[in-house]
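Structural overview
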There are 2 protein chains.
Amino acid sequence: MDEAKGVVKHIFVAKFKDGTTPNQIDHLIREMANLVNLIEPLKSFHWGKDVSAGNKNQGFTHVLESTFESMEGVAEYIAHPAHVEYAKVLLLHVEKYMVIDYKPATLNFGLEG
Amino acid sequence: MDEAKGVVKHIFVAKFKDGTTPNQIDHLIREMANLVNLIEPLKSFHWGKDVSAGNKNQGFTHVLESTFESMEGVAEYIAHPAHVEYAKVLLLHVEKYMVIDYKPATLNFGLEG
């Protein structure tokens, strides 16, 4: 099973507190996006609101998706002072969250027969 | 905030039942990957085991990540008989799961000043 170039996706799924305003969320996401400029192993950042149908989101409202080239990169990011400082502020506004890291792999049926 | 070409990520995060063997999980993931060949709006599929440090994964073990071009595509996929049949089998092996759909957006600081 092909692991695309060792890329690691670091997925932070959050439910913001009811009192957190859209402006505050917007600001927090901009601050997160700016970490790409400050933390070398953080290669890219994407985010989105949950838009799923079916009520299987367990109450989570936002995905913050960071891409790294290795698990070492993730560890360096987690420990980086700019991230530590950011996370402290972010978590003040978060009611609950979960973190999943995974190496996105595909299956190549054409190659495997 | 730039939403990359209207792409929708459909993220299924699962904890498999303790009794489910690695071979069964492998088979389930291959069957899921094969849906790309059967369901037109399902554009690509990636998966990965959780490899996060820090115990914030809430017990989830696997991510199944599907990519669509629209929310209509997601709805068509959900209702497609091949998916309905697959989901029935998958959920037999799943202790808990969550589903998040989001449109991955970036921030362009260069453009926004």
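The paragraphs below set out a description of the structure included in this document. Quick caveat, the model's predicted, so the values are computed rather than measured. (Residues numbered from 1 in each chain as written. Chains lettered and ligands numbered in written order. Predicted model: local features only at pLDDT ≥ 70, side-chain atom pairs only at ≥ 80, totals over all residues. Heavy atoms only, no water.)

This brings us to the overall build of chain A. For chain A, the helix and strand inventory stands at four helices and six strands. In sequence order, chain A lays out its α and β elements as β-β-α-β-β-α-α-β-β-α. Looking at chain A as a whole, 46% of its 113 residues qualify as buried. Contacts in chain A between residues at least 24 apart in sequence constitute 77% of all its contacts with a sequence separation of at least 6. Total accessible area computed for chain A in this model is approximately 5700 Å², and 54% of it derives from carbon and sulfur atoms. For chain A, the centre of its 11 positive side-chain charges and the centre of its 15 negative side-chain charges are spaced 6 Å apart. (Helix = DSSP H or I, 4+ residues; strand = E, 2+ residues; numbered from the N terminus. Buried < 20%, exposed > 50% of the residue type's maximum accessible area, 1.4 Å probe, protein only. Contact = heavy atoms within 4.5 Å. Areas by Shrake-Rupley, 256 points an atom, 1.4 Å probe, with all protein chains shown as cover. Lys, Arg positive; Asp, Glu negative; His and termini not counted. Charge placed at Lys NZ, Arg CZ, Asp CG, Glu CD.)

Note on interface size: it is often stated as the accessible area lost on association of the parts. Taken together, the contact pairs 38 residues of chain B with 37 residues of chain A. For the chain B and chain A pair, buried surface summed over both sides reaches about 3400 Å², with 64% attributable to carbon and sulfur atoms. Our enumeration of links across chain B and chain A arrives at zero salt bridges. Inspection of the chain B/chain A interface yields twelve residue pairs in polar contact (both at pLDDT 80 or more). Looking at the side of chain B that touches chain A, the elements with two or more residues in it are strand 2 (8–16), helix 1 (22–38), strand 3 (44–49), strand 4 (62–68), strand 5 (94–102), strand 6 (105–106) and helix 4 (109–112) of chain B. (Buried area = accessible area lost by both parts, 1.4 Å probe. Salt bridge = Lys/Arg side-chain N within 4 Å of Asp/Glu carboxyl O. Polar contact = N/O pair within 3.5 Å; in protein donor to acceptor, adjacent residues only side chain to side chain.)

Another point: the pattern of salt bridges. Tallied over the entire structure, the rule returns twelve salt bridges over all chains. Glu 95 of chain A is paired through a salt bridge with Lys 15 of chain A; the nearest N and O atoms lie 3.4 Å apart. Placement of the pair is Glu 95 of chain A in strand 5 (residues 94–102) and Lys 15 of chain A in strand 2 (residues 8–16), with a sequence separation of 80 residues. By relative accessible area, which is 17% here, Lys 15 of chain A ends up buried. Lys 88 of chain B is the salt-bridge partner of Glu 85 of chain B, the closest N and O atoms lying 3.7 Å from each other. Separated by three residues within a single helix, Glu 85 of chain B and Lys 88 of chain B lie in helix 3 (residues 81–92), roughly one turn from each other. According to the relative accessible area criterion, Glu 85 of chain B is partly exposed, its value standing at 46%. The exposure class assigned to Lys 88 of chain B is exposed, which follows from its relative accessible area of 52%. Linked through salt bridges whose partners overlap, the residues forming this network are Lys 15, Asp 18 and Glu 95 of chain A.

What follows concerns helix 3 of chain B. Residues and elements named next belong to chain B. End to end, helix 3 covers 17 Å across twelve residues, agreeing with the expected 16 Å (1.5 Å per residue, within 8%). Within helix 3 the residues assigned to the buried category are Ala 82, His 83, Tyr 86, Ala 87 and Leu 90. One side of helix 3 carries all its buried residues, which in axial view fall inside an arc of 125°. Set apart from the buried face of helix 3 by more than 90 degrees, the exposed residues are Pro 81, Lys 88 and Leu 92. If you follow the buried residues of helix 3, they end up packed against strand 2, helix 1, strand 4, helix 2 (71–79) and strand 5. (Expected span 1.5 Å × (residues − 1). Arc of directions from axis to C-beta.)

Nothing here speaks to function; it is all geometry.
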